[in-house]
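Summary of structural features
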Amino acid sequence: MLRARWQGYEIDSSEAAYEVSVPQPEQMGTLVRNFLTSGYFTRSYYLLFEEPFIRLRDFIKEKGNLDDKPTAQALEYLEEQIAKFDPESHRASRIGVKAIESILNYVGSHRQELLDAQVFRFELTPEQEEMYAGYDYEFTPGEEVNEGDFYSEQEIPLDGVVLYLGCSFVTADQLSPEERKKAHRIARRVGKEMDSFEGPIFSDSWSDLMLRGLERSMPVSLRVRLNPDATFTIAGRWMEDGQFMFSYYDSLLEKAAKKAGVEIGAYPL
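**Structural notes on the overall build of the protein chain**
A count of helices and strands for the protein chain gives nine helices and seven strands. Expressed as lengths along the three principal axes of its C-alpha atoms, the size of the protein chain is roughly 65 × 45 × 40 Å. Expressed as a percentage of its 269 residues, the buried residues of the protein chain come to 50%. Restricting the contact set of the protein chain to residue pairs at least 6 apart, pairs at least 24 apart contribute 75%. Separation of charge centres in the protein chain, based on 30 positive and 47 negative side chains, amounts to 10 Å.

**What about the sheet that holds strand 3 (residues 93-94)?**
Working definition: the strands of a sheet are paired by backbone hydrogen bonds and lie parallel or antiparallel to each other. Within the open sheet, the seven strands sit side by side as 3-2-4-5-6-1-7. Their pairing is antiparallel. Looking at which strands have only one partner, the edges of the open sheet turn out to be strand 3 and strand 7 (264-268). Sheet topology note: the strand 1 (residues 15-20)/strand 7 ladder contains five bridges and is antiparallel. Paired with Ala 17 across the two strands is Tyr 267, which belongs to strand 7. Along the sheet face, helix 1 (residues 28-36) touches strand 1, strand 4 (161-168), strand 5 (219-226), strand 6 (232-239) and strand 7 and points at about 170° away from the line of strand 5. Packed onto the sheet, helix 4 (residues 97-109) meets strand 4, strand 5 and strand 6 and runs at close to 150° relative to strand 4.

**Details of the packing of helix 1 against helix 9 (residues 246-260)**
Between two packed helices, both the angle of their axes relative to each other and the distance between the axes serve to describe the pair. The interhelical angle for the contact between helix 1 and helix 9, taken along N-to-C directions, is 135°, at an axis separation of 8 Å. In terms of their interaxial angle, helix 1 and helix 9 are classed as oblique. Handedness of the crossing formed by helix 1 with helix 9: right-handed. Here Leu 31, Asn 34 and Phe 35 of helix 1 lie close against helix 9, whose contacting residues are Leu 253, Ala 256, Ala 257 and Ala 260. When the residues that make up the contact of helix 1 with helix 9 are grouped by side-chain class, the tally is six nonpolar, one polar and no charged.

**Re the pattern of salt bridges**
Using the criterion set out here, one finds 13 salt bridges in the structure. Between Glu 79 and Arg 57 there is a salt bridge, with the nearest N and O atoms lying 3.2 Å from each other. Placement of the pair is Glu 79 in helix 3 (residues 69-82) and Arg 57 in helix 2 (residues 51-63), with a sequence separation of 22 residues. What makes Glu 79 partly exposed here is its relative accessible area of 27%. Close ionic contact of Glu 147 with Arg 223 constitutes a salt bridge, the shortest N to O distance being 2.9 Å. Here the residue Glu 147 occupies a position in the loop between helix 6 (126-132) and strand 4, and Arg 223 occupies one in strand 5, the gap between them amounting to 76 residues.

**Brief notes about the packing of aromatic side chains**
A full pass over the atoms with the stated rule returns 13 aromatic pairs. Centroid distance Tyr 132 to Tyr 135: 6.1 Å. Interplanar angle 50°. Geometry classified as tilted. Under the relative-accessibility criterion, Tyr 132 is labelled buried at 6%. Taking 5.6 Å as the distance between ring centres and 80° as the angle between the ring planes, the aromatic pair formed by Tyr 132 and Tyr 137 counts as edge-to-face. Ring pairing ties together the aromatic residues Tyr 18, Phe 35, Phe 41, Phe 169, Trp 238, Phe 246, Tyr 248 and Tyr 249, which thus form one cluster. Lying over the aromatic face of Tyr 164, Arg 223 brings its terminal NZ or CZ to 4.9 Å of the ring centre.

**A word on the packing of helix 7 (residues 177-197) against helix 9**
Where helix 7 contacts helix 9, the axes come no closer than 10 Å and their chain directions differ by 155°. Between helix 7 and helix 9, the angle falls in the class roughly antiparallel. Where helix 7 approaches helix 9, its residues Glu 179, Lys 182, Ala 183, Ile 186 and Arg 189 are matched on the opposing element by Ser 247, Tyr 248, Ser 251 and Lys 255. Residue composition of the contact of helix 7 with helix 9, by class: three nonpolar, two polar and four charged.

Calculation rules
Once a new chain begins, its residue numbering starts again from 1 and follows that chain's sequence as written. In keeping with the predicted nature of the model, local features appear solely for residues at pLDDT of at least 70, side-chain atom pairs appear and are counted solely at 80 or more, and the whole-chain, interface and lining totals rest on all residues. Values shown for side chains rest on all heavy atoms present in the structure; no hydrogens or waters enter the calculation. Secondary structure elements are defined from DSSP: runs of H or I of at least 4 residues count as helices, runs of E of at least 2 residues count as strands, and each element is numbered from the N terminus. For each residue, the accessible area found with a 1.4 Å probe, counting protein chains only, is set against the maximum for its type, and the residue is called buried under 20%, exposed over 50%, and partly exposed in between. Contacts were defined at the residue level, with two residues in contact if any of their heavy atoms lie within 4.5 Å. In this tally, Lys and Arg are treated as positive and Asp and Glu as negative; His is ignored, and so are the chain termini. Every charge is mapped to an atom, namely NZ of Lys, CZ of Arg, CG of Asp or CD of Glu. At least two bridges found by DSSP between two strands are what make those strands a pair. Simply put, an axis is a line fit to the C-alpha atoms, just over the touching stretch for a helix, and the angle between two N-to-C directions goes from 0 to 180 degrees. An angle below 35 degrees is treated as roughly parallel, one above 145 as roughly antiparallel, one from 65 to 115 as roughly perpendicular, and anything else as oblique. The crossing is said to be left-handed when, going from far helix to near helix, the turn is anticlockwise and less than a right angle, and right-handed when the turn is clockwise. Under this grouping Gly is polar, as are all residues other than the nonpolar Ala, Val, Leu, Ile, Met, Phe, Trp, Tyr, Cys and Pro and the charged Asp, Glu, Lys and Arg. Think of a salt bridge as a Lys or Arg side-chain nitrogen and an Asp or Glu carboxyl oxygen that are within 4 Å of each other. Pairing of aromatic side chains requires ring centres within 6.5 Å, counting the rings of Phe and Tyr and the six-membered ring of Trp. Pairs whose planes differ by under 30 degrees are stacked, by over 60 edge-to-face, and all others tilted. In this scheme, the term charge over a ring applies when either NZ of a lysine or CZ of an arginine sits within 6 Å of the ring centre and within 35 degrees of the ring normal.

On their own, these measurements won't tell you what the molecule is for.
Here it is, written out as structure tokens:
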């Protein structure tokens, strides 16, 4: 479970992670909305973990003040989203940024109540229990989860997770002309370094491969987690063999965080 250190170009270094600070928990939903709509993510967001919404809906129905407009609005969005859940389908339901903002702002404002009620307390999945059987590591729900300790996203416990989204970075052609030129410079530089290190692959140079990669939308996850001390962590990952273009995706995250007015840190694993 030790985090791998990245040295040079390693094909095994397939995941990279980021973490966003949450300075004002009560406005966490607004932060996430501003981050997602910064222009560096495609406007399609998929809910990858449904159970937190069901539990939150039940909590609000039982203990929430429905005369409070933000509470009533959060419940309405939760009901609308839950109505999309289909246990017979493997497809994740889409969710809009207005729903994300309303629900997360409610969670941020009621974090201690939700923590005390253990609304987001989750055990390991059966798959994770099987993975952990081979590790010298034990996880107890309720303890702090440091995502950086886990090499694979599949290993990360879901305990404390409020929101788990599937998103994508925009393709380079959706960036400004200046940003697009910078992206191409990064791709050519990386390609040139790889050409001297490994040589061309088949008939393509590494530069050609890096440049073509800019034309594809890179999937990236986003998790909002309620920690045991009633703080929040926003974190996520993306996967790219070798993390050759890490500096490029890192720059997109930095720009998104700047537009959202928050600090961010990213690192390859």
